[in-house]
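Geometric and topological summary
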Amino acid sequence: MSDAHNEQQSAIKTPKQLLAAVAGFFLITVIGIILLVQFVTAQKLTGAGTDSQSPEAIDARLSPVANEGFTFKDASGPKVLQGGEAVYTATCVACHGAGVAGAPKFGDAGSWSARLAQGYDTVLKHAIEGLRAMPAKGGNPDLDDVEVARAVVYMANASGGKFKEPEVPATAAAAGAASAPAAEPAK
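Residues numbered from 1 in each chain as written. Predicted model: local features only at pLDDT ≥ 70, side-chain atom pairs only at ≥ 80, totals over all residues. Heavy atoms only, no water.

As for the packing of aromatic side chains
To keep things clear, this is the line we draw: For Phe, Tyr and Trp, where Trp contributes only its six-membered ring, two rings pair if their centres lie within 6.5 Å, and the inter-plane angle classes them as stacked under 30 degrees, edge-to-face over 60, or tilted in between. Starting at the N terminus, helices and strands are each numbered in turn, a helix being any DSSP run of H or I of at least four residues and a strand any DSSP run of E of at least two. A 1.4 Å probe rolled over the protein chains alone gives each residue an accessible area, and that area as a share of the maximum for its type sets the label: buried under 20%, exposed over 50%, partly exposed in between.
Under the counting rule described, the total for this entry stands at 5 aromatic pairs. Ring centres of Tyr88 and Tyr154 lie 5.7 Å apart, and the angle between their planes is 50°; this geometry places the pair in the tilted category. A residue pair is termed long-range when its members are at least 10 positions apart, and Tyr88 in helix H3 (residues 84-96) and Tyr154 in helix H6 (residues 145-158) qualify at 66 residues. You can call Tyr154 partly exposed: its relative accessible area is 26%.

Quick look at the structure:
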């Protein structure tokens, strides 16, 4: 058989060409690595926490929680009673805003008419003690009975009722008056 079909065809035919090809390959590889390193290190990048020892970062970590907009409540101080609209917005709107579980919707005279016909005392009793799906005090046990009464009057009057705003007991009025200046944020 002939050796003609076993011969390899290559562009490199002499040892000098082989040496030039190997040197060229290494030269191109080294230049590629140098360019890649230049590209990566061209911009000074800072990692997370790099400025952790700057005065601003230290002050931010050491600042009191109260400086972040939180106000502390004196649990032993007298309670400041909320108005009817505030109680409605904070507690009652969850169910009475959308009519959840049969709750009469705020401002819907048709759904409130049967309840208003029962009278103020009955409606207030149901609001304080709870009725069917509604928990006592609308699920907020921190509410005072006067606050619940204000919310009942607010909702009922918005739905066609003519209830009078409840009188604040003398002890609650004195506590509210004493705590009014304390309710202002400290500067």
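Digging into the packing of H3 against H6
Angle between the axes and distance between the axes are the two parameters that describe a pair of packed helices. The criterion, for reference: Axis lines are fitted to C-alpha atoms, over the contacting stretch for helices. Their N-to-C directions set the angle, which ranges from 0 to 180 degrees. Each angle receives one of four descriptions, namely roughly parallel if under 35 degrees, roughly antiparallel if over 145, roughly perpendicular if within 65 to 115, and oblique otherwise. A contact between two residues is defined here by any heavy atoms of the two lying within 4.5 Å. Here the nonpolar group is Ala, Val, Leu, Ile, Met, Phe, Trp, Tyr, Cys and Pro; Asp, Glu, Lys and Arg are the charged ones; every other residue, Gly included, is treated as polar.
The interhelical angle for the contact between H3 and H6, taken along N-to-C directions, is 70°, at an axis separation of 9 Å. By the angle between their axes, H3 is roughly perpendicular relative to H6. Two secondary-structure elements touch here, H3 through Gly84, Glu85, Val87, Tyr88, Cys92 and His96 and H6 through Glu147, Arg150, Ala151, Tyr154 and Met155. The class makeup of the residues in the contact of H3 with H6 is 6 nonpolar, 2 polar and 3 charged.

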